[in-house]
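Each chain, written out:
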Amino acid sequence: MTSSSLNLPGLPAASQLRSYRIWDAYFTPAHGHPGRDGSSQLLRDMELSEPAIQKGQFEKLCYFPHVGLGTTTDADLEQRLRAHPQLVMVPFERWPDRLLGMIQVNAHDVPRSREAIRRWIQDGPMIGAYFPGGGPAAMTCTHRNVALLVEAVVSAGGVIMQHTWYKTGGKQGPGESTPAELAELARHYPEHSFICAHAGGEWEQGIRAIRGEKNVLIETSGFDATAGFLERAVRELGANRILFGSHLPSRSLGTELGKVLGAELTEADKQRILGTNFRQLLQRDET
Amino acid sequence: MSGSHHARGGVLVMKRRALLKQALGTGVLLPLTGPGATPVPCLAEASENVPWEIVDTNASLFAWPFRRLPLDTAGKIVAKMRALGICSAWAGSFEGILQRDITGVNARVAETCNEYPELTPIGTLNPSLPDWRADLRRCAEEHHMPGIRLYPGYHGYTLGESRFQDVFEQVAGRNLFLQIVVSLEDPRTQPEWLQVRDVDPLPLRSLLQSTPAARVQLLNARPRGGMLTELASVPGLYWDTARLEGTAGVPELARGLPPGRVLFGSHAPFLLPEAALIRVHESNQLSEQELREVYASNARRFLRSPA
């Protein structure tokens, strides 16, 4: 077996994977904390992910940088990121042709988050904003503060990724959001697209909750490789409302890419899910 | 099912067992006639495209209780196995999770596995039910099953209880292996009205230390906290790969255990077998030899002999 191939019977060859042009919408190196210096843990996780990224033949990966908005509990780090914003760019310098970014915003700090949206999204190079479901920045997406930030992101031309879960037994934190809550938010902005990260985790309810809101797309990572998920999602939503996410390295390539490769879908639908939809959302050149 | 059918099935099972034994000895599964007649790609056909023999130690037959699954018939799951180069799968029954007719559950597994040379039937026991010893006897003597699968979380007991210890001793006494289903799905996605905690495997320490010939495999375990440290040195305890997570989840588990303790498992058809296959090798941290061991060699050793 070569290091850059899945090379098992019944799985696509490297050339087939390359033809999918995989754009990963949910790459999570050091998702909660990039390292005290602002990047060391992040870079280690990127390296750890490298074999899987090569085997999957990914073209691009979107991750969620902390930019000093209080999205971690490390006050020193937050101060360092504010004082030295160039630290945010370290991973992009490491993988200049591969990495995309959606900044993690903090709805508990609207003024600073708005400023960051202007600085990092409107002026570039970030493509959108990530609304976390846990940690100090989590806020249920039906809160008015979230709407204020959504409007800022829309104005800046960015995309919106909202972490969502339906957890048996209820929310594990007061700032978590469910797909139904995201659908409620999205209803107010019918011209803008919202990404429902993890399809709600418990995707049977998640798909039902957002299926009526045509401007809500689901992202596929963050839960076990449960069979039947994508077949149901394509049936209920259509393949053009589904974005592939890897959740590497805290989840496995097998779990996340396997969801698409193992699903009973047409090749055209797999291609849409693995990359075309994300590129279209970002209005990126297909070539 | 009639008694004569049982007897006929038993003969067929014995014939199939003999063929499988021969196949396992040579590393080649033989083409058979009948419903499962397609030759299975195994070691004899290994090439750059079929690099390894693959044994799935954690598959199940029949309907998942809570929704339809794409591979929830034996024909479909076997066709998928063939497409993916999986030579052999140890098949329990999803029917055994909630149904009380365990005798019928095991008979259907045995009968279905008899139709497909790739499938090895694994019996279900529910020690919360009266007369479970008769089910064990049938599994061993009539169905010639090599192992027993338990669902303690769904059948309402812990591994610290005497009824489990009784099962453990009886199963070991028959030189069968035991598979303990630690979880079936993420607790966060279970139905609200049927929430089942992961099984605590720590009571196995003393049981396995006092019964060195016993073989136990934990299925769908996701080691957390100090669990692995506590269990790493326990003799006769094996793990599967079905619900490991992280891009390096499999090598991390293998490094934390004595050699030979990690067996490939997919938890198909609830989980996608493609996911399990990729997960084993995606990090490039296991050598070719280690990959061969995880995909099949460890399972064959576990199947054949006491620890």
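It should be noted that the structure appears before, not after, this text.
Parameters and conventions
Residues numbered from 1 in each chain as written. Chains lettered and ligands numbered in written order. Predicted model: local features only at pLDDT ≥ 70, side-chain atom pairs only at ≥ 80, totals over all residues. Core = buried A, V, L, I, M, F, W, Y, C linked by C-beta atoms within 7 Å. Buried ≥ 20, exposed ≤ 12 C-beta atoms within 10 Å, placed from the backbone. Contact = placed C-beta atoms within 7 Å. Helix = DSSP H or I, 4+ residues; strand = E, 2+ residues; numbered from the N terminus. Nonpolar A, V, L, I, M, F, W, Y, C, P; charged D, E, K, R; others polar. Pairing = 2+ DSSP bridges. Axes fitted to C-alpha atoms, helices over the stretch in contact; angles between N-to-C directions. Left-handed = near helix turned anticlockwise from the far one by under 90°. Expected span 1.5 Å × (residues − 1). Bend = angle between axes of the 7 residues up to and from the residue. Right-handed = clockwise from strand over helix to strand, strands pointing away.

A. The nonpolar core, seen in detail. Within the largest apolar cluster, 173 residues are counted, with the highest numbers of intra-cluster contacts made by Ile103, Val105, Ala129, Ile195 and Cys196 of chain A. Not counting chain neighbours up to four residues away, the residues in contact with Cys196 of chain A comprise Gln162, Thr164, Pro179, Leu182, Gly206, Ile210, Val216, Leu217, Ile218 and Glu219 of chain A.

B. Region of the structure containing the interface of chain B and chain A. Contacts between the two partners involve 40 residues from chain B and, on the opposite side, 40 residues from chain A. Elements that contribute at least two residues to the side of chain B that touches chain A include exactly helix 2 (74-84) and helix 11 (273-281) of chain B. Sort the elements by how many residues they give to the side of chain B that touches chain A and helix 11 of chain B lands first, with eight residues. In terms of residue class, the side of chain B that touches chain A is built from 19 nonpolar, 11 polar and 10 charged.

C. Local environment of the environment of Asn106 of chain B. All names here are of chain B. The residue Asn106 is located in helix 4 (residues 102-114) in this model. Asn106 sits in the buried class, given 27 other C-beta atoms within 10 Å. Spatially, the C-alpha atoms of Asn106 and Gly96 are 8.1 Å apart, while their sequence positions differ by 10 residues. Contact partners of Asn106, with chain neighbours within four places excluded, come to Gly123, Thr124, Asp135, Arg138, Cys139 and His143.

D. Quick peek at unusual backbone geometry. Residue Pro249 of chain A is bonded to the preceding Leu248 of chain A through a cis peptide linkage, with omega at 0 degrees. Locating Pro249 of chain A in the fold gives a position in the loop between strand 8 (242-243) and helix 10 (253-261). A cis amide bond links Ala268 of chain B with the next residue in sequence, Pro269 of chain B, at an omega value of 5 degrees. Mapped onto the elements, Pro269 of chain B comes out in the loop between strand 9 (262-263) and helix 11.

E. A look at the sheet that holds strand 2 (residues 88-93) of chain B. Residues and elements named next belong to chain B. Spatial ordering of the open sheet is given by 1-2-3, a layout of three strands whose pairing is parallel. Taken across any chain shown, the strands that pair with only one partner, and hence form the sheet edges, are strand 1 (55-61) and strand 3 (119-121). Shown here is a sheet whose adjacent strand axes are inclined to one another by a mean of 35 degrees, direction ignored. Strands strand 1, strand 2 and strand 3 of the sheet are contacted by helix 4, whose axis makes an angle of about 155 degrees with strand 2.

F. Broad picture of the packing of helix 10 of chain A against helix 11 of chain B. It is the contact of helix 10 of chain A with helix 11 of chain B, at a shortest axis distance of 7 Å, that shows an interaxial angle of 145 degrees. Relative to helix 11 of chain B, helix 10 of chain A is oriented so that their crossing is right-handed. Judged by residue contacts, Leu253, Gly254, Thr255, Leu257, Gly258 and Leu261 of chain A of helix 10 of chain A engage Glu274, Ala275, Ala276, Leu277, Ile278 and Arg279 of chain B from helix 11 of chain B. Taken together, the residues of the contact of helix 10 of chain A with helix 11 of chain B sort by class into seven nonpolar, three polar and two charged.

G. Seen up close, helix 12 (residues 288-304) of chain B. Residue and element names in this part refer to chain B. Taking 1.5 Å of rise per residue, 17 residues should cover 24 Å, and helix 12 covers 23 Å from first to last C-alpha, within 8% of that figure. Its maximal kink placed at Val294, helix 12 deviates by approximately 55 degrees. Listing the buried residues of helix 12 in full gives Glu290, Glu293, Val294, Tyr295, Ala296, Asn298, Ala299 and Phe302.

H. Geometry of the pairing of strand 7 (residues 216-219) of chain A. Residue and element names in this part refer to chain A. Neither face of strand 7 is open: one carries Val216 and Ile218, the other Leu217 and Glu219, and all of them are buried. Sheet analysis places strand 6 (residues 194-197) next to strand 7, joined by three bridges and oriented parallel. Its bridge partner being in strand 7, Phe194 is matched across the sheet by Val216. The parallel pair strand 6 and strand 7 is bridged by helix 8 (residues 203-210), and the resulting crossover is right-handed. The pairing of strand 7 with strand 8 spans two bridges and is parallel. When the sheet's bridge partners are listed, Glu219 is paired in strand 8 with Leu243. For the segment spanning strand 7, helix 9 (residues 229-237) and strand 8, crossover handedness is right-handed.

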